[in-house]
Amino acid sequence: MSVPFLSFQPQHVPAREEIMAAIGRVYDSYWYVLGEEVQKFEQAYSGYNQVAHTVGVANGLDALVLALRVLEIGPGDEVIVPSNTYIATWLAVTQVGGTPVPVEPDPATSNLDPARIAAAITPRTRAIMPVHLYGQACRMTEIMALAKQHNLHVVEDNAQSQGAAFDGGLTGSFGAVNGTSFYPGKNLGALGDAGAVTTNDADLAQKVRVLRNYGSQQKYYNEVVGYNSRLDELQAAVLGVKLDYLPEWTRQRQQVAAWYDQHLAGIPDLRLPTVAPGATHVYHLYVVHTPHRTALQQHLTAQGIGTLIHYPVPPHRQQAYASMQLPVGAFPIAEELAATCLSLPMWPGMTEEHVAAVAAAIRSFSQQ
């Protein structure tokens, strides 16, 4: 059985009529930017994420940039970031003029390790940016306690974990101001680029609204140097439909992960995902680790099983950050995770037969 890494069909076919109706509603409204659809989705997502305010923006990176901007983080300021993350987390800090300060992850979860944060704090540290990687919540109780102790802001990167929680609090609701992405492949995905900022602070939310719209509250009158980063009406309408499906899609992802845990148990040299106590996992990705990653991926490809690597090169080893002069070995945990991680097929609509086929192919590799 061939199993693609990702299939939108099981999500999009059942929702097609509703999505097409939403698109038609926008088409017939003759209002396409910052209208009623954006306002309705922002309110709905605030309810889902248990925050007071959601501000729709153009993409997830812009959400992080605007979050840092409204906290007035800029040149000379340091922001603690995971050494193991997608580069967008670092790019947001760099784009506001700040300096990303990497901290190693917990090897078991791949998420930022709170026990390592304190040693990275300096007089120039202004914020901590935890990334809820692969769909699992970071250990936010400890991170928030550290931030309070050192008078630091927390900005969550919630691009992969809408609906995950730690100690009952939803990701994207802990920090002063937080960013998320609705890129099509995310758990809640638009039909193009889209993102949002979430916060419980009305003043910060209003500042984001101004910044996303050229620094303007009234057309042609600009209070600050802003951005053009607005969630458009079409994407907001589509997201509004999909949001109603998200709890069921999350349940299906968690069921697929449970099947993987069962079918992959006991395979030598294969480490399965670990969920930290107090955390929940919404399985944006199901990531395993093996020292035989390249050979296993090639074997699975030959068997018609789609896989991806999230992520093959840590940010500190990217050419974009060569100026930081961080050599191989500077962050060994991130480097080891990057060298051994492999993301298996994961999408709502997968059946146990799909999972069994993937597991059978992995077992056949391990028995070679």
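Position labels on residues start from 1 in each chain and follow its written sequence. The predicted nature of this model means local features are confined to residues of pLDDT at least 70 and side-chain atom pairs, given and counted, to a pLDDT of 80 or more, with totals for whole chains, interfaces and linings taken over all residues. Hydrogens and water are ignored here; the side-chain numbers use all heavy atoms of the structure.

- You'll find the chain entered in an unreviewed UniProt entry as DegT/DnrJ/EryC1/StrS family aminotransferase, with Hymenobacter mellowenesis given as the organism.
- Heading Sequence similarities (unreviewed entry) of the UniProt record for the chain holds this comment: "Belongs to the DegT/DnrJ/EryC1 family." UniProt positions are given in the numbering used here, feature names are shortened, and annotations may be inferred rather than shown by experiment.

A look at the packing of helix H3 (residues 60-70) against helix H4 (residues 88-95)
Turning to step 1, where the next piece is worked out: With axes taken as lines fitted to C-alpha atoms, and helix axes fitted only over the stretch in contact, angles between N-to-C directions fall between 0 and 180 degrees. Where helices and strands are cited, they refer to DSSP runs of H or I of at least four residues and of E of at least two residues respectively, numbered from the N terminus. Orientation of H3 relative to H4, taken along the N-to-C sense of each, is 40°, at an axis distance of 9 Å. It follows that H3 is oblique to H4 by the angle criterion. The two elements H3 and H4 meet at a crossing, and its hand is right-handed. Contacts between H3 and H4 involve Leu61, Leu64, Val65 and Leu68 from the former and Ala88, Thr89, Leu91, Ala92, Val93 and Gln95 from the latter. Relative orientations are named as follows: roughly parallel for angles under 35 degrees, roughly antiparallel for angles over 145 degrees, roughly perpendicular for angles from 65 to 115 degrees, and oblique for any other angle. By definition, any crossing whose near helix is turned counterclockwise from its far helix by less than a right angle is left-handed, and any crossing with a clockwise turn is right-handed. We call two residues in contact whenever any of their non-hydrogen atoms come within 4.5 Å of each other.

Thoughts on the packing of aromatic side chains
Turning to step 1, where the next piece is worked out: Each aromatic pair joins two rings of Phe, Tyr and Trp (for Trp, the six-membered one) with centres within 6.5 Å, and gets the label stacked for planes under 30 degrees apart, edge-to-face for over 60, and tilted for any other angle. Inspection of the entire model under this criterion finds nine aromatic pairs.
Turning to step 2, where the next piece is worked out: An angle of 80° between the planes, with centres 5.5 Å apart, marks the rings of phenylalanine 41 and phenylalanine 182 as edge-to-face. Of the two residues, phenylalanine 41 sits in helix H2 (residues 36-49) while phenylalanine 182 sits in the loop between strand S8 (178-181) and strand S9 (195-199), which places them 141 residues apart along the sequence.
Turning to step 3, where the next piece is worked out: Among the residues examined, phenylalanine 41 registers a relative accessible area of 2% and is labelled buried.
Turning to step 4, where the next piece is worked out: With centroids separated by 5.4 Å and ring planes inclined at 80°, the aromatic side chains of tyrosine 45 and phenylalanine 182 adopt a geometry described as edge-to-face. With tyrosine 45 in helix H2 and phenylalanine 182 in the loop between S8 and S9, the pair connects residues that are 137 residues apart, well separated along the chain. For every residue, the accessible area (1.4 Å probe, protein chains only) is compared with the maximum for its type, and the residue is labelled buried under 20%, exposed over 50%, or partly exposed between those bounds.

Structural notes on the sheet that holds strand S5 (residues 153-154)
Turning to step 1, where the next piece is worked out: Only when DSSP finds a minimum of two bridges between them are two strands counted as paired. Within the open sheet, the four strands sit side by side as S3-S2-S4-S5. Their pairing is parallel. Looking at which strands have only one partner, the edges of the open sheet turn out to be strand S3 (99-103) and S5.
Turning to step 2, where the next piece is worked out: The pairing of strand S4 (residues 125-128) with S5 spans two bridges and is parallel. Counted as the bridge partner of isoleucine 128 is valine 154 from S5.

Focus on unusual backbone geometry
Turning to step 1, where the next piece is worked out: In this model, histidine 310 is joined to tyrosine 311 through a cis peptide bond whose omega is 10°.
Turning to step 2, where the next piece is worked out: Of note, tyrosine 311 is situated in the loop between helix H8 (293-302) and helix H9 (332-340).
Turning to step 3, where the next piece is worked out: Positive phi, close to 50°, is recorded for leucine 34, a residue that is not glycine.
Turning to step 4, where the next piece is worked out: Here leucine 34 is to be found in the loop between helix H1 (9-29) and H2.
Turning to step 5, where the next piece is worked out: Take leucine 34: its relative accessible area is 24%, and that puts it in the partly exposed class.

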